[in-house]
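Each chain, written out:
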Amino acid sequence: MASSNLEGFTADISKSLSGPNWLSEIRNKAHSDLDQVEAPDTEEEVWRYSRVNELKLSELTPSSKRPENLTSLPIERFSSSSATVVLQDGWISDITIGKEAEEAGVIICPAGDLEDGAKYFGAALEKPVDLFGYLNRAFGPEPLVVVVPQGTVIKDPIVIVSLTDTNEAVFPRIMIHCEDNSEVKVVEIQTSSNVEAVISPVLEVTVGQAARYSHCVVQNLGAETWQFAHQAVDAGKDASAEFYIAGIGGEYVRTRTDCRLTGRGAFSRINAAYFGEDDQTLDFRTFQDHISSDTTSDLLFKGALADSSRSIYSGLTKIRPEASRTRANQTNRNIKLDPEAWAESIPNLEIENNDVVCSHASTVSPVDENELFYIESRGVPTSVAERLILEGFFNEIISSFPVQEVSAILQEAIVGKLDRRTLNQSEQQL
Amino acid sequence: MTNSSLVIKNLHVSVSGKPILKGVNLEILPGEVHVVMGPNGSGKSTLSYALMGHPEYEVTEGEVTLDGKDILALPSWQRAQAGLFLCLQHPIEVPGVTLESVLTESARAAGRETSTIKKQMLEEAESIGFEEKFLERPMNVDLSGGEKKRNETLQLGVLGARYAVLDEIDSGLDVDALAAVSQRIQGFTHDQNLGVLAITHFSRLLEVLEPDKIHILNDGCIQLTGGPELVNQLEEEGYQVLLGN
């Protein structure tokens, strides 16, 4: 049973966390449920190939106090954000709302500041799907709520920086609601110092009728940090929900994304780029649930794996009986750069309606020999040719990101990793 | 004896362990145009890939020197830097990689000026009727067959090779594209003394390119060498009669 490993996750700590009564009740319930929650195991399909069995929860305690010292933050480059939020060790430590967003009536605050804050909790994720979800409920500090009012278009992105600077277990929670016909972009920067933290963030997004939501995740955690992230989105009638993920840092980082296309005509997109090096493991699980008719989902994950790094892409696109005229694309491409690198790719379709257009594709291969030969045959040295191909490989994802600064961060991260690779190769040749 | 030539001596090449070339001998001097013709499966494309060092083509015997330099010991990119260019029969599409970046990196590796690459590309594009908008596309992506061959010719011009191997540059080209490409290559042989090894099935390439020698490759060997008149003879008689089979 999971509880036997959770000695540090006491009811007292859960009860000591601040917030409104409804939140305390959620925490209490989740904590008492922990007894019944099985610990994740790699025997289960959803945890296959993961490193969850290496995690020693018994050695962890949850972050229970709001941190006092703010570390410097990587937000200077977002010169034109409509608002910035800082979460430190999961706790909301700063909210700055710009004029545009403020005048438009955008709400960005701790959930307890809203009379009806409880209604956003669980709006896209009614119950936790695994132990980390329960722990997030039981030990999460007060969640952040973002509400974009009906018909409002916010041009500049809302930037949320989630910074972790502790060796504890950390449970941030962000709940976003786009009212009907609104439009907003959110950039979430996940970063940590050189700590052995285990972060289990939850993101819930509900997108109202005809609203347009984009979310960019820059996962740039420290090399020792572990993360089990869960993102859940529910898209209403004719709504559009787009997720863009840059998987850069961390030691073991799992990102589960659940897209529920609830309303007729809803659209979802998930584009991800990831680049593993050293012994990183980057683990992605996606669930695209086509509930209504005329829904579309588009998914493109591209990754490169160097050294002895590993990646997992496992995705399920599910077409329910009512979801006629669904269109769904699911593509995962991986380039394995070194013999010790490893990528697992498992795209799945579950179709319960005949009137659909669905495709899925996945590849795991080294850099294409013919592409490499062709570029080399123009006089380009092998390592440079490989770089050009990799930059080109990621370019499709980078250029799709809707926020220029995020594209730039991803581009720089990829160039940085390629630089290290070139340097290592030239050192090996010496 | 002059040192300036591309010399292929007793070249044996295997693909997946199967011998394809069984002792090819050729010498191409700067400014000369040599044409290699031969039936399907005779080893024409193998010759071009092996010269450029494609990893699937294993040289089991023989030597190739470019202006006196043994190029078989070099990786592909150094063969290119030494002055060899391969115009592929089916140029490879490389998504996300621009022509300019490739030509710039090649110039950088050669220690040449990189700032003029774009200008050179535009000049070469104009000279062969390659639309400027195609220069922005990733390498060969969404280009037609004719555009791809123009693109190859453009690269030959910018890289300024000493010897070019043209692997069926004429196949699938429309009349205009063939004229543009072959005239430009003819210009390189005249103005820059480019040595050409043209592999082809058809005589129409040779209406513009003035071949010095025609070689018939069959069963992995050059079985017959002659002047331009060999092309007409071949068209009339076919390979079987010409080779006395």
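Structure's up top.
Remember, it's a predicted structure, so these values are computed and weren't measured experimentally. (Residues numbered from 1 in each chain as written. Chains lettered and ligands numbered in written order. Predicted model: local features only at pLDDT ≥ 70, side-chain atom pairs only at ≥ 80, totals over all residues. Heavy atoms only, no water.)

**Points about the overall build of chain B**
The criterion, for reference: Helix and strand definitions follow DSSP, with helices as H or I runs of at least four residues and strands as E runs of at least two, each counted in order from the N terminus. The globule rule is 2.2 Å times the number of residues to the power 0.38, and the radius of gyration it is compared with is taken over C-alpha atoms. Residue exposure (1.4 Å probe, protein chains only): buried if accessible area is under 20% of the type maximum, exposed if over 50%, otherwise partly exposed. Contact between two residues is taken to exist if any of their heavy atoms lie within 4.5 Å; hydrogens are not considered. Here the Shrake-Rupley method, with its probe set to 1.4 Å, supplies the accessible areas, and only the displayed protein chains count as covering residues.
The secondary structure content of chain B amounts to seven helices and twelve strands. A compact globule built from 245 residues should have a C-alpha radius of gyration of about 18 Å, and chain B, at 17 Å, falls within 12% of that. Dimensions along the principal axes, computed over C-alpha positions, put chain B at roughly 55 × 40 × 35 Å. With 245 residues in all, chain B has 55% of them scored as buried. Long-range pairs, those at least 24 residues apart, make up 70% of the contacts in chain B between residues at least 6 apart in sequence. Just so you have it, chain B exposes about 10300 Å², and 45% of that area is on carbon and sulfur atoms.

**Details of the packing of helix H5 (residues 145-159) of chain B against helix H6 (residues 175-191) of chain B**
All names here are of chain B. For clarity, the cut-off: All axes are obtained by fitting lines to C-alpha atoms, using only the stretch in contact for helices, and the reported angles, taken between N-to-C directions, cover 0 to 180 degrees. Oblique is the label for any angle not under 35 degrees, not over 145, and not in the 65 to 115 range, which are roughly parallel, roughly antiparallel and roughly perpendicular in turn. Here is the rule for handedness: rotate from the far helix to the near one, and if that takes an anticlockwise turn smaller than a right angle the crossing is left-handed, while a clockwise turn gives right-handed.
At a minimum axis distance of 10 Å, the contact between H5 and H6 shows a crossing angle of 15 degrees. It follows from the interaxial angle that H5 and H6 lie roughly parallel. Considering only the axes of H5 and H6, their crossing is left-handed. Between H5, through Lys-149, Arg-150, Thr-153, Leu-156 and Gly-157, and H6, the contact on the second element is made entirely by Asp-176, Ala-177, Ala-180, Val-181, Arg-184, Ile-185 and Phe-188.

**Structural notes on the interface of chain A and chain B**
Frequently, the measure chosen for interface size is the accessible area removed from exposure when the parts meet. Short version of the rule: Buried area is calculated as the accessible area (1.4 Å probe) missing from two parts once they are joined, with the contributions of both summed. A side-chain nitrogen of Lys or Arg and a carboxyl oxygen of Asp or Glu constitute a salt bridge if their distance falls within 4 Å. As used in this structure description, the phrase polar contact means that two N or O atoms lie within 3.5 Å; if the pair is within protein, one of them must be able to donate a hydrogen and the other to accept it, and residues adjacent in sequence are counted only when both atoms belong to side chains.
In this assembly, 19 residues from chain A lie in contact with 30 residues from chain B. Of all residues in chain A, the largest losses of buried area upon contact with chain B belong to Phe-373, Tyr-374 and Arg-378 of chain A, amounting jointly to 38% of the total for that side. Our enumeration of links across chain A and chain B arrives at one salt bridge. At the surface where chain A touches chain B, the tally comes to nine residue pairs in polar contact (both at pLDDT 80 or more). Of all the secondary structure elements, the ones that give two or more residues to the side of chain A that touches chain B are helix H5 (369-376) and helix H6 (382-398) of chain A.

**A closer look at the pattern of salt bridges**
Residues and elements named next belong to chain A. Evaluation of the coordinates by the stated rule reveals 37 salt bridges over all chains. For Lys-99, the salt bridge is made with Glu-103, and the minimal N-O distance between the two is 3.9 Å. Here Lys-99 pairs with Glu-103, and both are found in helix H3 (residues 99-104), just four residues apart, close to one helical turn. The pair Lys-99 / Glu-103 is uniform in exposure class, with both members exposed. Ionic pairing is found between Asp-419 and Arg-387, a salt bridge with its closest N-O pair at 2.7 Å. In this pair, Asp-419 sits in helix H7 (residues 404-429) while Arg-387 sits in helix H6, placing the two residues 32 residues apart along the sequence.

**Some details on a negative patch on the surface**
Spelled out, the test is: To count toward a patch, a residue needs a relative accessible area over 30% and no salt bridge; like charges are then connected within 9 Å, while nonpolar side chains (Val, Leu, Ile, Met, Phe, Trp, Tyr) are connected within 5 Å. His is not counted, nor are the chain ends, whereas Lys and Arg count as positive and Asp and Glu as negative. For the purpose of locating charges, the reference atoms are NZ of Lys, CZ of Arg, CG of Asp and CD of Glu.
On the surface, Glu-196, Glu-224, Asp-278 and Asp-279 of chain A cluster together into a negatively charged patch. Note on placement: Asp-279 of chain A falls in the loop between strand S15 (267-276) and strand S16 (281-290).

**Focus on the state of the cysteines**
All names here are of chain A. What counts here: Disulfides are defined in this document as cysteine sulfur pairs within 2.5 Å.
Applying the stated criterion across every chain, the model contains zero disulfides over all chains. The cysteine Cys-259 is free of any disulfide, with Cys-178 supplying the nearest cysteine sulfur at 13 Å. What makes Cys-259 buried here is its relative accessible area of 2%.

**Remarks on H7 of chain A**
All names here are of chain A. Our working rule: To estimate how far a helix should reach, multiply one less than its number of residues by 1.5 Å.
For H7, built from 26 residues, the straight-helix expectation of 38 Å at 1.5 Å per residue is met to within 8% by its first-to-last C-alpha distance of 37 Å. Of all the positions in H7, only Glu-405, Val-406, Ser-407, Ile-409, Leu-410, Ala-413, Ile-414, Lys-417, Leu-418 and Arg-421 are classed as buried. Of the surrounding elements, those touching the buried residues of H7 are strand S8 (183-192), strand S11 (212-220), strand S13 (240-247), S15 and H6.

**Some remarks on the sheet that holds S11 of chain A**
Residues and elements named next belong to chain A. Filter applied, for reference: Two strands are counted as paired when DSSP detects at least two bridges linking them.
Taken together, ten strands build an open sheet; the order of strands is S2-S1-S5-S8-S11-S13-S15-S17-S19-S21 and the sheet is mixed. The open sheet has two edge strands, strand S2 (91-97) and strand S21 (356-365), and neither has a second partner. Each strand axis lies, on average, 10 degrees off the axis of its neighbour in the sheet, ignoring direction. Sheet analysis places S11 next to S13, joined by eight bridges and oriented parallel. Within S13, the position partnered with Val-218 by the bridge is Ala-246. Along the sheet, H7 makes contact with S8, S11, S13 and S15, crossing S15 at roughly 25 degrees.

**Details of the layout of surface pockets**
Let me state the cut-off plainly: Detection works on a 1 Å grid of protein atoms alone, calling trapped sets that fit a 1.4 Å probe cavities and calling open sets with protein on both sides within 12 Å along at least five of seven lines pockets, with lining residues defined by an atom within 4 Å of a point. Grid points are joined across faces, edges and corners, and a volume is the space filled by probe spheres set on the points. Polar here means any residue other than Ala, Val, Leu, Ile, Met, Phe, Trp, Tyr, Cys and Pro, which are nonpolar, and Asp, Glu, Lys and Arg, which are charged; Gly is therefore polar.
Size it by volume and the largest pocket reaches roughly 360 Å³. For the lining of the largest pocket, the elements supplying multiple residues, two or more each, are strand S17 (296-305), strand S19 (326-336), S21, H5 and H6 of chain A together with strand S7 (94-98) of chain B. Classifying every residue of the lining of the largest pocket by side-chain character gives nine nonpolar, five polar and seven charged.

**Details of the packing of helix H2 (residues 21-33) of chain A against helix H4 (residues 131-139) of chain A**
Residue and element names in this part refer to chain A. Their axes nearest at 7 Å, the elements H2 and H4 cross at an angle of 140 degrees. In terms of orientation, H2 and H4 fall into the oblique class. The way H2 lies across H4 gives a crossing that is left-handed. Each of Ile-26, Arg-27, Ala-30, His-31 and Asp-33 in H2 lies in contact with H4, whose residues at this interface are Tyr-134, Arg-137, Ala-138 and Phe-139. Its residues placed into classes, the contact of H2 with H4 shows five nonpolar, one polar and three charged.

**Topic: empty space enclosed by the protein**
Residue and element names in this part refer to chain A. What the rule picks out here adds up to four cavities of 30 Å³ or more. The computed volume of the largest cavity comes to approximately 100 Å³. Asp-130, Phe-132, Phe-228, Ala-229 and His-230 are, among the 15 residues lining the largest cavity, the residues nearest its centre. If you list the elements that add at least two residues to the lining of the largest cavity, you get H4, strand S12 (226-235) and strand S14 (252-261). For the lining of the largest cavity, the residue count by class is eight nonpolar, four polar and three charged. Forming the boundary of the second largest cavity are Pro-172, Arg-173, Ile-174, Glu-188, Gln-190, Pro-201, Val-202, Leu-203, Ala-229, His-230 and Gln-231. Here the lining of the second largest cavity takes three residues from S12, the largest share from any one element. Grouping the constituent residues of the lining of the second largest cavity by class yields six nonpolar, three polar and two charged.

**So, H5 of chain A**
Residues and elements named next belong to chain A. Of all eight residues that make up H5, six are buried, and the element is covered over most of its length. Within H5 the residues assigned to the buried category are Glu-371, Leu-372, Phe-373, Tyr-374, Ile-375 and Glu-376. N-capping of H5 is provided by Asp-368, with a side-chain oxygen placed 2.9 Å from the backbone N of Asn-370.

Any functional reading would require information beyond the geometric quantities listed.
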